[in-house]
Amino acid sequence: MTDLNAILEPGMRVRHPNRPDWGIGQVQSNIGSKITVNFPEAGKVVIEGSRILLVPVFDD
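Residues numbered from 1 in each chain as written. Predicted model: local features only at pLDDT ≥ 70, side-chain atom pairs only at ≥ 80, totals over all residues. Heavy atoms only, no water.

**Q** For this particular structure, what's the right way to read the sheet that holds strand β1 (residues 13-15)?
**A** Remark on secondary structure: sheet strands pair via backbone hydrogen bonds, oriented parallel or antiparallel. Within the open sheet, the five strands sit side by side as β4-β3-β2-β1-β5. Their pairing is antiparallel. With one partner strand each, in any of the chains shown, β4 (43-48) and β5 (55-57) form the two edges of the open sheet. The sheet shows a mean angle of 45° between the axes of neighbouring strands, taken without regard to direction. Sheet topology places β1 next to strand β2 (residues 25-31); two bridges connect them, and they run antiparallel. Across the sheet, arginine 13 pairs through a bridge with glutamine 26, a residue of β2. (Pairing = 2+ DSSP bridges. Helix = DSSP H or I, 4+ residues; strand = E, 2+ residues; numbered from the N terminus. Axes fitted to C-alpha atoms, helices over the stretch in contact; angles between N-to-C directions.)

**Q** How should the pairing of β4 be read in this particular structure?
**A** Side chains on a regular strand alternate between the two faces of the sheet. Across six bridges, the pairing between strand β3 (residues 34-39) and β4 is antiparallel. Looking across to β4, one finds that lysine 34 is bridged to glutamate 48. Here β3 folds back onto β4, and the loop between the two strands holds three residues.

**Q** Quick question: what am I supposed to make of the side chain of histidine 16 here?
**A** Mapped onto the elements, histidine 16 comes out in the loop between β1 and β2. With residues near it in sequence (within four places) discarded, histidine 16 still touches Trp22, Phe39, Ile47, Ile52 and Leu54. (Contact = heavy atoms within 4.5 Å.)

Here it is in structure tokens:
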């Protein structure tokens, strides 16, 4: 299976599929399968990209 999180780059906006209450986050880094995202309602969170597929947000 292809790692779709691999396309995520710093500055991109994303949603966590299981935590919509966190709001739209901004990718801080994507190293290996560890993605650091700053969410407005949860703060800085490190996501295990091999377990969670983040959803890119291209518009509001």
